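Below are the chains, spelled out letter by letter.
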Amino acid sequence: MRNDSRLSRMLHVLLHMARHDGPMTSDAIARMLGTNPVVVRRTMAGLRDAGYVRSEKGHGGGWAIATDLASVSLLDVHRAVGGPRLFAIGNEHPNADCAVEKVVNAAVEGALREAEALLVARLGAVSLAELAGSFDVRCNPPD
């Protein structure tokens, strides 16, 4: 099964945008990601609707950051780009009649709830500003 990379790809784009002077066109972003500008516009629309980026048409236009990076978490970006459910694992028959299947479903559902809660908390605890700071340190290490 192929991984959904929208979150990591849009985090990549947002960090480039945060350190880029002026707007970035859909074409430039598409070249960076190795995809089509239409895919970029479709995905960026969710970020625009959430108020994280803005788009300007015409010469000199493109996509630009529209919010304080400290106010946006990785979870916010995941939700804005229409990310999938965090886990694709599930039960074949959620309302099973079989006692064994009921026991198995309960165990799996409990574990998934705990794992999803942990992942949501971790994604919600990291801001775009923190990622940008890590990027800055990596690219400009202190002497």
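Residues numbered from 1 in each chain as written. Predicted model: local features only at pLDDT ≥ 70, side-chain atom pairs only at ≥ 80, totals over all residues. Heavy atoms only, no water.

1. What about the pairing of strand β2 (residues 62–65)?
Here is step 1 of the chain: Where strand β1 (residues 53–56) and β2 come together, 4 bridges link them in antiparallel fashion. Counterpart to S55 in the pairing with β2 is W63.
Here is step 2 of the chain: Linking β1 back to β2 in an antiparallel pair, the connection comprises 5 residues, with G58 at a positive phi of about 90°. (Pairing = 2+ DSSP bridges. Helix = DSSP H or I, 4+ residues; strand = E, 2+ residues; numbered from the N terminus.)

2. Examining the packing of helix α2 (residues 26–33) against helix α3 (residues 37–49)
Here is step 1 of the chain: It is the contact of α2 with α3, at a shortest axis distance of 8 Å, that shows an interaxial angle of 105°. On the basis of their axis angle, the class for α2 and α3 is roughly perpendicular. Residues S26, D27, I29 and A30 of α2 form the contact with α3, whose own contacting residues are P37, V40, R41 and M44.
Here is step 2 of the chain: Residues that form the contact of α2 with α3 fall into these classes: 5 nonpolar, 1 polar and 2 charged. (Axes fitted to C-alpha atoms, helices over the stretch in contact; angles between N-to-C directions. Parallel < 35°, antiparallel > 145°, perpendicular 65-115°, else oblique. Contact = heavy atoms within 4.5 Å. Nonpolar A, V, L, I, M, F, W, Y, C, P; charged D, E, K, R; others polar.)

3. Describing the layout of surface pockets
Here is step 1 of the chain: Looking at the largest pocket, its volume works out to about 230 Å³.
Here is step 2 of the chain: Every residue lining the largest pocket is counted, 13 residues in all, and those nearest its centre are S5, R6, R9, V39 and T43.
Here is step 3 of the chain: When residues in the lining of the largest pocket are grouped by element, the largest group, 4 residues, is from α3.
Here is step 4 of the chain: Of the residues belonging to the lining of the largest pocket, the class tally is 4 nonpolar, 4 polar and 5 charged.
Here is step 5 of the chain: Taken together, T25, S26, R41, S55, E56, K57, G58, G61, G62 and W63 make up the lining of the second largest pocket.
Here is step 6 of the chain: Sorting the residues of the lining of the second largest pocket by element identifies β1 and β2 as the ones contributing at least two each.
Here is step 7 of the chain: Of the residues assigned to the lining of the second largest pocket, the class counts are 1 nonpolar, 6 polar and 3 charged. (1 Å grid on protein atoms, 1.4 Å probe; cavity = no way out; pocket = protein on both sides within 12 Å on 5 of 7 lines; lining within 4 Å. Points joined across faces, edges and corners; volume = space filled by probe spheres on them.)

4. Remarks on α3
Here is step 1 of the chain: The terminal C-alpha atoms of α3 lie 18 Å apart, and with 13 residues this matches the ideal 18 Å at 1.5 Å per residue to within 8%.
Here is step 2 of the chain: Taken residue by residue, α3 has V40, T43, M44, A45, G46 and L47 as its buried positions.
Here is step 3 of the chain: Packing partners of the buried residues in α3 comprise α1 (6–18), α2, β1, β2 and α4 (74–80).
Here is step 4 of the chain: Once α3 finishes, G51 follows within two positions and takes phi at roughly 90°, a positive value. (Expected span 1.5 Å × (residues − 1). Buried < 20%, exposed > 50% of the residue type's maximum accessible area, 1.4 Å probe, protein only.)

5. As for the nonpolar core
Here is step 1 of the chain: Ranked by internal contacts, the top residues of the largest apolar core, which has 28 residues, are M10, L14, M17, I29, M44, L47 and V77.
Here is step 2 of the chain: The set of elements that each furnish at least two residues to this core consists of α1, α2, α3, β2, α4 and α6 (128–139).
Here is step 3 of the chain: Sort the elements by how many residues they give to this core and α1 lands first, with 7 residues.
Here is step 4 of the chain: Here M44 is in contact with M10, V13, M17, I29, V53 and W63, once residues within four sequence places are set aside. (Core = buried A, V, L, I, M, F, W, Y, C linked by side-chain atoms within 4.5 Å.)

6. Some points on the packing of α1 against α2
Here is step 1 of the chain: α2 packs onto α1 with a crossing angle of 125° between their chain directions and a minimal axis gap of 11 Å. Between α1 and α2, the angle is such that the two are oblique. Remark: the crossing between α1 and α2 carries right-handed chirality. Residues R9, M10, H12, V13 and H16 of α1 form the contact with α2, whose participating residues are I29, M32 and L33.
Here is step 2 of the chain: Residues of the contact of α1 with α2, tallied by class, amount to 5 nonpolar, 2 polar and 1 charged. (Left-handed = near helix turned anticlockwise from the far one by under 90°.)

Bear in mind that shape data such as this cannot, by itself, settle questions of function.
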